[in-house]
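Given next are the chains, with one letter for each unit.
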Amino acid sequence: MAIDENDHKTNDKVPKFDPSDVVTLTGHQSEVFSCAWNPVVANLLVSGSGDATARLWKVDKANAIESIVLNHLANDTESKDVTTLDWNPSGTQLASGSYDGQARIWTQKGELIHEMAQHRGPIFSLKWNRSGDLLLSGSADTTTVVWNPTTGEMKQQFEFHSSAILDVDWMDNVTFASCSSDKMIYVCRVGSSEPIKRWTAHDDEINSIRWDPTGEYLASCSDDMTTKIWSLRSDEPIQVIRGHQLQIYTLQWAPVVKDASKRILATGSFDSTIRLWDALSGECLHVLKNHNEAVYSISFTPNAEQLASGSFDEMLNIWNTSTGALQKTYKADGGIFEVHFNKDGSKLAACTSNKQVVILDLK
């Protein structure tokens, strides 16, 4: 339970990004909901929009940026949002999930390889496993599907949840967790017909789940304003973290474990704050305050020394994770749906409600 609330409020002396370090990518015809940097090619970005397309961008300082359009031709005009994007670990293939219920796999150059139809509702989450030989999707149809990305065929469908699946995450190459608006978390293994763990997890819908970098702990955050930490060794949460005043929409583990006895976790909430926690003790390390609307997305640099946050107040903030100090700010032209650092932390992408993707140069 958090006792020490290390509040960090800002002052007007915080530096803003120089316009020469900002590139705005235009071309989408609707809100841009998601973005993901390629894990190998440092300047290759994909964005997904409500205009039924994803776009591949090669981001260079010269600003001569070309995009490749990946058309997700929906059966009807109501179901066209591209909701989720994930690169395979080698960066050679891209998976996209859409409101039309189809999962698609594309080459790095934007050629469609597979169109995979099994879900009967929007796909909200899509993840490759670490070896890149399986793809997992979670849908509003209450099921998760594991796909063979080589053939595009379904390997297994899991039907345990009773409501929409809001997030999925792999623990290892064959084990994954799923969470839902049914307030449950299931841990499943490919090839097994029964879940290996079933947690009655929260008092309201569960928005996000993530395994920590070691695969030992699972964090979940919910509209019930709590974050919980789980281990396969226990039927109960090993930690219940309270402090946020409204729904918790997103969470991220620090990608680097510097002290084996600690796991640093960041949570972003509709209460307009981000909190940094020692997840195992439940101690609140920092409360990061410089937003005045819901925080939809957070992203650590690969070295875990900085955290970016994006909000519907149109502000993008970059924080020092050790001190909690605000280091830099950027005012976007629209609410921010997602922020994502590239593989070396030199660029930060933010996608907005105003049809734009903004790239900030940090080097």
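Structure's up top.
The following paragraphs examine the structure supplied in this document.

Definitions and cut-offs
Residues numbered from 1 in each chain as written. Predicted model: local features only at pLDDT ≥ 70, side-chain atom pairs only at ≥ 80, totals over all residues. Heavy atoms only, no water. Helix = DSSP H or I, 4+ residues; strand = E, 2+ residues; numbered from the N terminus. Rg over C-alpha atoms; globule rule 2.2 N^0.38 Å. Buried < 20%, exposed > 50% of the residue type's maximum accessible area, 1.4 Å probe, protein only. Contact = heavy atoms within 4.5 Å. Areas by Shrake-Rupley, 256 points an atom, 1.4 Å probe, with all protein chains shown as cover. Lys, Arg positive; Asp, Glu negative; His and termini not counted. Charge placed at Lys NZ, Arg CZ, Asp CG, Glu CD. Salt bridge = Lys/Arg side-chain N within 4 Å of Asp/Glu carboxyl O. Pairing = 2+ DSSP bridges. Axes fitted to C-alpha atoms, helices over the stretch in contact; angles between N-to-C directions. Phe/Tyr/Trp six-rings, centres within 6.5 Å; stacked < 30°, edge-to-face > 60°.

On a plain count of helices and strands, the chain comes out with 0 helices and 33 strands. Relative to the globule expectation of 21 Å for 363 residues, the C-alpha radius of gyration of the chain, 19 Å, shows essentially globular dimensions. Each of the three principal axes of the chain carries a C-alpha extent, and together these read 55 × 50 × 35 Å. Put simply, the chain has 363 residues, and 58% of those count as buried. Long-range pairs, those at least 24 residues apart, make up 46% of the contacts in the chain between residues at least 6 apart in sequence. Here the chain displays about 14600 Å² of accessible surface, and carbon together with sulfur accounts for 44% of that area. Averaging the coordinates of the 32 positive side-chain charges in the chain and doing the same for the 47 negative ones gives two points 4 Å apart.

What follows covers the pattern of salt bridges. Under the counting rule described, the total for this entry stands at 11 salt bridges. A salt bridge links Asp169 to Lys127; the shortest N-O distance between them is 3.3 Å. One end of the pair, Asp169, is in strand 15 (residues 165-170); the other, Lys127, is in strand 11 (residues 123-128), with 42 residues separating them in the sequence.

Attention shifts here to the environment of Tyr186. Here Tyr186 lies in strand 17 (residues 184-189). Excluding residues within four positions of it along the chain, Tyr186 makes contact with Phe160, His161, Phe176, Ala177, Ser178, Pro195, Lys197 and Arg198.

With that settled, consider the environment of Gln306. Structurally, Gln306 can be placed in strand 28 (residues 306-311). Through-space distance from the C-alpha of Gln306 to that of Asp204 is 31 Å; in sequence the pair is 102 residues apart.

Once that is clear, we can look at the sheet that holds strand 28. What links the strands of a sheet is backbone hydrogen bonding, and the strands pair in either a parallel or an antiparallel sense. Read from one edge of the open sheet, 4 strands run 27-28-29-30, paired in antiparallel fashion. Across the chains shown, the open sheet's two edge strands, defined by having one partner strand only, are strand 27 (295-300) and strand 30 (326-331). Adjacent strand axes in the sheet meet at a mean angle of 15°, parallel and antiparallel pairs treated alike. With 5 bridges connecting them, strand 29 (residues 315-320) and strand 30 associate as antiparallel partners. Pairing of Trp319 across the sheet is with Leu326, part of strand 30.

To continue, consider the pairing of strand 16 (residues 175-180). Across the 6 residues that make up strand 16, a large majority, 6, are buried. Neither face of strand 16 is open: one carries Thr175, Ala177 and Cys179, the other Phe176, Ser178 and Ser180, and all of them are buried. The hairpin formed by strand 15 and strand 16 contains 4 residues between the paired strands. Taken together, the 5 bridges between strand 16 and strand 17 define a ladder with antiparallel strand orientation. Residue pairing in the sheet places Thr175 in a bridge with Arg189 of strand 17.

Counted by the stated rule, this structure contains 13 aromatic pairs. Ring geometry for Phe158 versus Phe176: centroids 5.1 Å apart, planes at 80°, classification edge-to-face. Remark: Phe176 occurs in strand 16 and Phe158 occurs in strand 14 (residues 153-158); sequence separation between them is 18 residues. Accessibility expressed as a relative area gives 3% for Phe158, which makes it buried. Each ring, one from Trp170 and one from Phe176, has its centre 5.7 Å from the other, and the planes form 70°; the classification is edge-to-face. For the pair Trp170 and Phe176, a shared accessibility class is recorded, and that class is buried. Site record: aromatic cluster; members linked through ring pairs are Phe33, Tyr249, Phe270, Tyr296, Phe312 and Phe337.

Bringing the sheet that holds strand 16 into the picture now. Reading across the sheet, the 4 strands line up as 15-16-17-18 and stay open at both edges, with antiparallel pairing between neighbours. Every interior strand has two partners, whereas the edge strands, strand 15 and strand 18 (197-200), have only one. Taking each pair of neighbouring strands and ignoring which way they run, the sheet shows an average axis angle of 15°.

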